[in-house]
Amino acid sequence: MTSQHPDSQTQWVNIDLGDRSYGIAIGANLLGDAANYADLPRAASAMIVTNPTVAALYGDRLANALKSRFPSVHTVVLPDGESYKNWESLNLIFDALLANRCDRSTVLFALGGGVVGDMTGFAAASYMRGVPFVQVPTTLLAQVDSSVGGKTAINHPMGKNMIGAFYQPQRVLCDLEVLKTLPDRELSAGLAEIIKYGPIADVSFMDWLEANLDALLARDPGALAFAVRRSCEIKAWVVGQDERESGVRAILNFGHTFGHAIEAGMGYGAWLHGEAVGCGMVMAARLSAALGLVDQAFVERLAQLVLRAGLPLVAPVLDEQNNVDRYLALMRVDKKAEAGEIKFVVIDPIGHASVRSAPDAIVAAVINASCRV
Ligand code: NAD
Ligand code: GLY
């Protein structure tokens with residue numbers, strides 16, 4: 001459900017999860033506005049979790065806004081990058097919380113992209129068995145996906161996001177102004193997760209994206225506001241039905257089975273998550289076509305959108321000798337796999353998705369076709 005406060009241009013999308021419900025605020029200049037924190041739980045301290053890049057840009061602005069609500073505002077700066085989404089970085093959060101004698105009412109603030117958000121959420125889920133946290137996503141990808149829905153995790157060398165928890169934030173603040181400093185490559189990565197929502201849930205959103213992709217690439221504020229809002233609405237609708245992914249939530253992983261294999265196989269950080277998802281969605285579309293669920297025209301349509309968004313279409317070779325086996329081995333570690341059987345999100349038909357297995361020979365043909373397009 002979306003609403004707009006009468007006194008502002010801020011739009012709100014609500015995540016309806018009973019006593020764990022919360023709002024996603026979408027608008028300009030939200031991060032530095034103390035009013036956005038005024039009704040959060042009272043606590044002696046707040047801990048901002050961020051990285052050096054984002055701290056330099058927005059750390060002081062957030063800290064100053066929080067000072068009117070929290071007597072002590074601390075900051076912990078984690079190393080920047082997907083390759084640091086691990087136990088060592090997670091421990092830096094716990095070290096900072098304990099060193100500053102943060103108690104169980106302390107509110108954590110995730111200021112950054114999905115890497116910071118996923119680790120802060122996991123820390124919040126486990127510090128003193130759970131403290132409140134707020135997502136302040138600063139990448140497009142984090143605003144349209146990772147900050148919403150309560151999935152938190154770190155990576156393991158053998159598999160992406162393998163250790164984590166479902167833990168919902170108190171609030172998500174999507175400040176569209178911060179997208180102005182995002183590098184182009186990161187903007188494209190965010191577009192991948194936006195593109196995802198069309199094929200799985202809303203054909204008309206896919207039409208809109210085809211018509212408005214250039215405006216998004218030019219960072220048109222109105223286009224960005226609509227894309228973030230519609231993405232959050234779709235994600236809220238899915239998560240509201242299936243918070244812990246026992247069913248429909250799996251469709252949000254369209255492109256991720258192939259994508260996670262690319263990320264883990266290339267080494268975390270070599271391909272951005274959004275790049276791997278963009279390429280992975282085209283691979284999953286090819287698989288859907290090979291299974292007779294969509295036609296080739298849909299594959300071409302999606303590939304065009306991915307290409308226009310500035311995302312890679314040619315999948316990487318993960319092993320010169322046994323490439324298909326390497327992909328299959330990595331995909332068997334995917335969280336959707338059951339007893340070693342790989343599950344894929346397929347489009348069936350456009351605007352709907354389902355989860356199913358596929359014969360290895362068909363998957364192998366998709367991998368071979370995708371690695372040499
Ligand atoms: P990221 O967190 O690594 O951020 C990308 C880069 O942009 C970083 O270098 C960061 O410092 C920089 N940055 C962030 N905000 C900026 C700004 N406003 N201006 C300039 N630079 C800025 O990457 P991401 O794409 O945001 O997130 C990817 C992660 O999200 C992956 O680990 C992925 O697994 C996770 N994810 C989680 C979920 C979920 O549901 N929890 C969903 C999708 C993705
Ligand atoms: N990004 C997938 C999910 O939140 O379920």
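Scroll up for the structure.
Residues numbered from 1 in each chain as written. Chains lettered and ligands numbered in written order. Predicted model: local features only at pLDDT ≥ 70, side-chain atom pairs only at ≥ 80, totals over all residues. Heavy atoms only, no water.

Caption draft 1: Quick peek at the nonpolar core. L140, F258, L302, Y327 and M331 are the most contacted members of the largest nonpolar core, which has 85 residues in total. Setting aside residues up to four positions removed in sequence, F258 forms contacts with G280, M283, A284, L287, M331, F344, V363, V366 and I367. Of all hydrophobic cores here, the second largest spans 23 residues; its members include L30, V54, A63 and L173. (Core = buried A, V, L, I, M, F, W, Y, C linked by side-chain atoms within 4.5 Å. Buried < 20%, exposed > 50% of the residue type's maximum accessible area, 1.4 Å probe, protein only. Contact = heavy atoms within 4.5 Å.)

Caption draft 2: Representation of the site of ligand 1. In the vicinity of ligand 1 lie 28 residues, with E82, K85, T138, T139 and T181 positioned nearest. Taking D80, its side chain carries an N or O atom lying 2.8 Å from an oxygen atom of ligand 1. Here T181 contributes a side-chain N or O atom positioned 2.7 Å from a nitrogen atom of ligand 1. Secondary structure elements with two or more residues in the shell around ligand 1: helix 1 (52–66), helix 3 (114–126), helix 4 (140–146), strand 9 (159–166) and helix 5 (184–201). (Near = heavy atom within 4 Å. Polar contact = N/O pair within 3.5 Å; in protein donor to acceptor, adjacent residues only side chain to side chain. Helix = DSSP H or I, 4+ residues; strand = E, 2+ residues; numbered from the N terminus.)

Caption draft 3: Local environment of the environment of D33. As for its placement among the helices and strands, D33 is situated in the loop between strand 3 (22–27) and strand 4 (45–50). Separated by 83 residues in the primary sequence, D33 and V116 have C-alpha atoms spaced 21 Å apart.

Caption draft 4: Representation of the site of ligand 2 within the structure. Taken together, the residues surrounding ligand 2 are D145, K151, K235, E245, R249, L252 and N253. A distance of 2.8 Å is found between an oxygen atom of ligand 2 and a side-chain nitrogen or oxygen belonging to K151. Here ligand 2, which alone exposes 200 Å², has 90% of that area covered by the protein. Residue composition of the shell around ligand 2, by class: one nonpolar, one polar and five charged. (Areas by Shrake-Rupley, 256 points an atom, 1.4 Å probe, with all protein chains shown as cover. Nonpolar A, V, L, I, M, F, W, Y, C, P; charged D, E, K, R; others polar.)

Caption draft 5: Seen up close, the pairing of strand 3. Burial runs high along strand 3: six of the six residues are buried. Side chains Y22, I24 and I26 project from strand 3 onto one buried face, and the interleaved G23, A25 and G27 project onto a second face that is buried too. Relative to strand 3, strand 2 (residues 11–15) is paired through five bridges, and the arrangement is antiparallel. Among the inter-strand pairings, W12 is bridged to a residue of strand 3, identified as A25. Between strand 2 and strand 3, which pair antiparallel one after the other, the connecting turn spans six residues, and G18 there sits at a positive phi close to 60 degrees. Relative to strand 10 (residues 171–175), strand 3 runs parallel, the two sharing five bridges. (Pairing = 2+ DSSP bridges.)

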